[in-house]
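What follows is the residue order along each chain.
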Amino acid sequence: MRKKTLLLSLFALLSLTAVAQDIQLHYDFGRNIYTGEESGRQKVTVTVEQFKADKWGSWYYFVDIDLSRHFTESAYTEISREFTLGKESPFAAHVEYDGGLSRNGSFQQAALVGGAWHGHSADFSKTWSVQLLYKQYFKSYENTRAYASAQLTGVWSTTFANKRCTFSGFIDFWRGEKADGHGQLVILSEPQFWYNFTEHFSVGTEWEFSNNFVYNADPESEKTFFWNPTLAVKWNF
């Protein structure tokens, strides 16, 4: 599970405060839907994320901690820095690191660099971002190798119903590699819907759609597309 929900409200945050942070708790139903292909998928994920703006641009990071009944299964993080290209410019230079550790090893690490374009409606109720990035994977564990890739990311958020409801999400497209070294298009999207009971507490759901992203644990299945919904709560600090 990967999150970019705080980045969605970039311009609204800049208009209100220079720092924002939230924590989310997700119960994942993917293992119940795909009992064979996702037999080892975690059921609970805790996400901590933070956005901080400064005079040069902004920092953003999140950490996903996957939990099972007996173990902390993994911790995955993405850390990014953006440098605004000119005062009040919608364009920024983007630098990012992706990686983490799991109980059985590690995630393949990657570094990304490129450009971003941000936009918003007049009242900041709608925000969006588009990023075009060069992505370099590194050899991180056995059976992986370093290779070059590229990633296109779209991020959006809209708040409505007198700020009671928020629909947000992201979609990533990037070049991955199969076990035989051939390239493949990887798609990952995680739209979220939240009902905001207060400015701090929200209840909602996340639907993860992916193709060529989820590890298929069933050797007899060739399935590559998965839909993994969650039930979630969020606290905004």
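Look a little higher up for the structure.
Scoring rules and cut-offs
- Residues numbered from 1 in each chain as written.
- Predicted model: local features only at pLDDT ≥ 70, side-chain atom pairs only at ≥ 80, totals over all residues.
- Heavy atoms only, no water.
- Helix = DSSP H or I, 4+ residues; strand = E, 2+ residues; numbered from the N terminus.
- Rg over C-alpha atoms; globule rule 2.2 N^0.38 Å.
- Buried < 20%, exposed > 50% of the residue type's maximum accessible area, 1.4 Å probe, protein only.
- Contact = heavy atoms within 4.5 Å.
- Areas by Shrake-Rupley, 256 points an atom, 1.4 Å probe, with all protein chains shown as cover.
- Lys, Arg positive; Asp, Glu negative; His and termini not counted.
- Charge placed at Lys NZ, Arg CZ, Asp CG, Glu CD.
- Phe/Tyr/Trp six-rings, centres within 6.5 Å; stacked < 30°, edge-to-face > 60°.
- Lys NZ or Arg CZ within 6 Å of the ring centre and 35° of its normal.
- Core = buried A, V, L, I, M, F, W, Y, C linked by side-chain atoms within 4.5 Å.
- Pairing = 2+ DSSP bridges.
- Salt bridge = Lys/Arg side-chain N within 4 Å of Asp/Glu carboxyl O.
- Patch = residues over 30% accessible without salt bridge, like charges linked within 9 Å, V, L, I, M, F, W, Y side chains within 5 Å.

Peer 1: What is the right way to read the overall build of the chain from this model?
Peer 2: In terms of helices and strands, the chain carries 3 helices and 14 strands. Scaling as 2.2 N^0.38, a compact globule of 237 residues should have a C-alpha radius of gyration of about 18 Å, and the chain matches this with 18 Å. Counting only C-alpha atoms, the chain reaches 50 × 40 × 25 Å along its principal axes. Among the 237 residues that make up the chain, the fraction classed as buried is 44%. Across the chain, every contact between residues at least 6 apart in sequence was considered, and the portion connecting residues at least 24 apart equals 49%. Taken as a whole, the chain presents about 12,500 Å² of accessible surface, with 63% of it coming from carbon and sulfur. If the 22 positive side-chain charges of the chain are averaged to one point and the 26 negative ones to another, these points end up 4 Å apart.

Peer 1: It is not clear to me how the packing of aromatic side chains should be interpreted in this structure. Could you clarify?
Peer 2: Aromatic ring pairs: the centre-centre distance and the angle between the two ring planes describe each pair. If you walk through the whole model with that rule in mind, you get 13 aromatic pairs. For the pair Y60 and F62, a centre-to-centre distance of 6.5 Å together with 50° between the ring planes defines the contact as tilted. No difference in accessibility class separates Y60 from F62, as the two residues are buried. Measuring from ring centre to ring centre gives 6.0 Å for F197 and F201, while their planes differ by 35°; the resulting arrangement is tilted. Classification of F197 by relative accessible area gives partly exposed; the value is 45%. Residue classification places F201 among the partly exposed residues on the basis of a relative accessible area of 32%. Aromatic rings pair up to connect Y60, F62, Y76 and F107 into one cluster. The lysine or arginine in question, R81, covers the ring of F83, its NZ or CZ lying 4.8 Å from the ring centre. R103 extends its terminal NZ or CZ atom over the ring of F71, reaching a point 4.0 Å from the ring centre.

Peer 1: Sorry if this is basic, but what is going on with the nonpolar core here?
Peer 2: Across soluble globular proteins, nonpolar side chains have a tendency to be buried as a group. Counting residues in hydrophobic clusters, the biggest one holds 8 residues: A110, Y137, Y147, V155, F170, W174, V186 and L188. For this core, the elements supplying multiple residues, two or more each, are β9 (147–160), β10 (165–177) and β11 (183–189). If we ignore the near neighbours within four places in the chain, the residues touching V186 are D172, F173, W174, G176, N211, N212 and F213. With 5 residues, the next largest nonpolar core counts F51, Y60, F62 and Y76 among its residues.

Peer 1: How should I be thinking about the pairing of strand β4 (residues 72–84) in this particular structure?
Peer 2: Both faces of the sheet carry side chains from a regular strand, because those side chains alternate between them. Two strands pair when backbone bridges link them, and strand β3 (residues 57–67) and β4 are joined in this way by 11 bridges, in the antiparallel orientation. From the neighbouring strand, Y61 faces β4, where its bridge partner is I79. Once β3 ends, the chain turns through 4 residues before running back antiparallel as β4. Pairing of β4 with strand β5 (residues 91–102) involves 11 bridges; the strand directions are antiparallel. Within the sheet, the bridge partner assigned to S74 lies in β5 and is S102.

Peer 1: Even after reading the chapter, I still don't get the pattern of salt bridges, so can you show me in this structure?
Peer 2: Working definition: two side chains of opposite charge can pair if their charged atoms are close together. Taken as a whole and judged by the stated rule, the model has 7 salt bridges. E208 is the salt-bridge partner of R41, the closest N and O atoms lying 3.4 Å from each other. Remark: E208 occurs in strand β13 (residues 201–211) and R41 occurs in the loop between α3 (30–33) and β2 (44–53); sequence separation between them is 167 residues. Through salt bridges that share partners, D28, E38, R41 and E208 make up one connected network.

Peer 1: Got a minute to help me understand a nonpolar patch on the surface in this structure?
Peer 2: Together, I23, L25, F160, F167, F193, Y195, F197, F201, V233, W235 and F237 make up a nonpolar patch on the protein surface, roughly 990 Å² of accessible area in all. Inspection of the secondary structure puts I23 in strand β1 (residues 19–28). The exposure class of I23 is partly exposed, given its relative accessible area of 32%.

Peer 1: Explain the environment of Y27 to me, please; I cannot follow it from the model alone.
Peer 2: Along the polypeptide, Y27 turns up in strand β1. Under the relative-accessibility criterion, Y27 is labelled partly exposed at 33%. Sequence-wise, Y27 and L188 are 161 residues apart; in three dimensions their C-alpha atoms are separated by 19 Å. When residues no more than four places from it in sequence are discounted, the contact partners of Y27 are N32, K43, V44, P229, T230 and L231.

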